[in-house]
Amino acid sequence: MSDAENRPDLLQTGPMMPMIEAQLAEHFTVHRLDAPDADSLLAQLGPRIRAVATGVNSTSGGKTRVTGALMAKLPALEIVANFGVGYDAVDVADAAARGVIITNTPGVLDDEVADLSVALLLATLRRVPQADRFIREGKWPKGSFPFSATLRDRTIGIVGMGRIGQTIAKRLEGFGRPIAYHSRRPVPGLAYAHYPELIAMARDVDALIVIVPGGPATQNMIDAQVLAALGPNGVLINVARGSVVDEPALIKALQDGTIASAGLDVFADEPNVPEALRAMDNVVLLPHIASATHVTRNAMGQLVVDNLLAWKAGKPPLTPVPETPRSAT
Ligand code: NAP
Ligand code: 8YV
């Protein structure tokens, strides 16, 4: 079969970057889940769909979930190519049970996300956005900006010491502060203190940087107890997923001084951020931008496409996730 004839049916769940959409259109017969007639499209074409590429939800701007219910309508589905290293928006257990491969975009974003994590830590401690607002609001001629907290006296605890956690830690070594980490298993060869219990680490550090995957195993792992253990001088930086932090407990902890401040790139119900957080002066809020540079998003997009092209050519995809098959059977 010529390449022009071999164009597997692919379901795109929502808008993707133009460089991804152009390549998908070149190699696949693309159908859109965000089309107005999606239900009839699924009823008619569902049995032909062999691949899914995950885009954002064009209505909410959040991530469209690839649920078990959706996969049940796609009996010929072989692969879900996820845009992002985190694939918590795909129902992994269901995909595994169906023998569907999931691919993600690991590695190509580690440096970018680590850079932003350190920037958010410093911005939160030194109140960089607040200082910028201070000038814009014309307050400088009336008095000096108040002194801020510092990184100088802090021990930093990293929650999750995988690809990105280790990249963040390497950067933080340059700041000369002690580093500890929590994960279920210690990473061989790492000199930082490993805490098998998160609560024990939270007691011993005064900055927590969260960079674990989302999903049921980490749901609300940063809860009221962990925040109380972090303490009134503590700062929380979340670059993982909103689901990892108990958001109402965080809001309360920030309001009553249980912790000092927070820097958040991710939220429980993106793109909706609770008014209580938006009204606070001791938080720095970012719209999920840790990987959002031209260079890194292009690298992630190309990996989405390259995984699909490898699968289409009958080869193992480049970056399958560990829970699902590594190649088509
Ligand atoms: P990774 O290499 O798989 O590392 C994950 C780390 O989390 C590992 O150290 C793992 O160690 C630990 N972990 C996993 N489950 C845990 C649990 N239940 N309790 C404690 N520790 C746990 O992943 P990565 O590439 O570093 O990415 C991490 C996550 O960052 C992604 O999944 C994504 O959600 C998020 N992320 C966010 C952005 C953003 O834009 N804000 C960008 C990129 C990534 P053990 O398995 O030993 O526990
Ligand atoms: C992306 C991310 O912004 O890779 C991830 O897990 O959270 C980010 O890099 C996101 O996946 C885009 O939808």
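Residues numbered from 1 in each chain as written. Chains lettered and ligands numbered in written order. Predicted model: local features only at pLDDT ≥ 70, side-chain atom pairs only at ≥ 80, totals over all residues. Heavy atoms only, no water.

Novice: A description of the site of ligand 1 should follow, citing residues and the corresponding values.
Specialist: For ligand 1, the set of nearby residues contains 26 residues, the closest of which are Met161, Arg163, Arg184, Arg185 and Asp265. Ile164 is positioned such that a nitrogen or oxygen atom in its backbone is 2.9 Å from an oxygen atom of ligand 1. Taking His288, its side chain carries an N or O atom lying 3.2 Å from an oxygen atom of ligand 1. In isolation ligand 1 has 920 Å² of accessible area, and contact with the protein removes 88% of it. (Near = heavy atom within 4 Å. Polar contact = N/O pair within 3.5 Å; in protein donor to acceptor, adjacent residues only side chain to side chain. Areas by Shrake-Rupley, 256 points an atom, 1.4 Å probe, with all protein chains shown as cover.)

Novice: Quick one: what's the story with the side chain of Gln12, residue by residue and with numbers?
Specialist: Turning to its location among the elements, Gln12 is positioned in strand S1 (residues 9-12). The buried category is assigned to Gln12, whose relative accessible area is 2%. Residue contacts for Gln12: discarding those within four places in its chain leaves Glu21, Leu24, Val30, His31, Arg32, Leu33, Asp34 and Ala53. (Helix = DSSP H or I, 4+ residues; strand = E, 2+ residues; numbered from the N terminus. Buried < 20%, exposed > 50% of the residue type's maximum accessible area, 1.4 Å probe, protein only. Contact = heavy atoms within 4.5 Å.)

Novice: How would you explain the domain arrangement of the protein if you had to name every residue and give the values?
Specialist: Taken domain by domain, the protein consists of domain 1 (3-108 + 294-312) and domain 2 (110-285). For domain 1 and domain 2, the distance between their C-alpha centroids amounts to 32 Å. Facing the ten residues of domain 1 at the interface are nine residues of domain 2. A buried area of about 670 Å², summed over both sides, lies between domain 1 and domain 2, and 48% of it is on carbon and sulfur atoms. Interface area lost by domain 1 to domain 2 is led by Asp88, Gly107 and Thr296, which between them contribute 52%. Between the two partners, domain 1 and domain 2, sit one salt bridge. Close ionic contact of Arg241 with Asp88 constitutes a salt bridge, the shortest N to O distance being 2.9 Å. Remark: the boundary between domain 1 and domain 2 carries three residue pairs in polar contact (both at pLDDT 80 or more). Looking at the side of domain 1 that touches domain 2 residue by residue, the classes come out as three nonpolar, six polar and one charged. (Domains from an automatic or database assignment. Buried area = accessible area lost by both parts, 1.4 Å probe. Salt bridge = Lys/Arg side-chain N within 4 Å of Asp/Glu carboxyl O. Nonpolar A, V, L, I, M, F, W, Y, C, P; charged D, E, K, R; others polar.)

Novice: Summarise the nonpolar core; cite the residues concerned and give the values.
Specialist: One finds Leu121, Ile158, Ile168, Leu172 and Leu308 to be the most contacted residues of the largest nonpolar core, which totals 45 residues. Element by element, the count of residues in this core is highest for helix H5 (residues 110-126), at seven residues. Built from parts of two domains, this core gets at least three residues from each of domain 1 (3-108 + 294-312) and domain 2 (110-285). Dropping the residues within four chain positions of it, Leu308 is found in contact with Leu10, Leu24, Phe28, Ala51, Ala53, Ile79 and Ala81. Within the second largest apolar cluster, 32 residues are counted, among which are Val210, Ile251, Ala253 and Val283. (Core = buried A, V, L, I, M, F, W, Y, C linked by side-chain atoms within 4.5 Å.)

Novice: Residues and numbers for the site of ligand 2, please.
Specialist: Within the structure, ligand 2 sits among Lys63, Phe83, Gly84, Val85, Gly86, Leu109, Arg241, His288, Ser291, Arg297 and Met300. Interatomic distance of 2.8 Å between a backbone N/O atom of Gly86 and an oxygen atom of ligand 2. Considered class by class, the residues forming the shell around ligand 2 number four nonpolar, four polar and three charged.

Novice: With reference to specific residues and values, describe the packing of aromatic side chains.
Specialist: A full pass over the atoms with the stated rule returns one aromatic pair. Judged by centre distance (5.2 Å) and plane angle (70°), the ring pair of Phe134 and Phe145 falls under edge-to-face. Residue Phe134 is located in helix H6 (residues 128-136), and its partner Phe145 is located in the loop between H6 and strand S6 (156-159); the two are separated by eleven residues in the primary sequence. Here Phe134 falls in the buried class, since its relative accessible area comes to 13%. (Phe/Tyr/Trp six-rings, centres within 6.5 Å; stacked < 30°, edge-to-face > 60°.)

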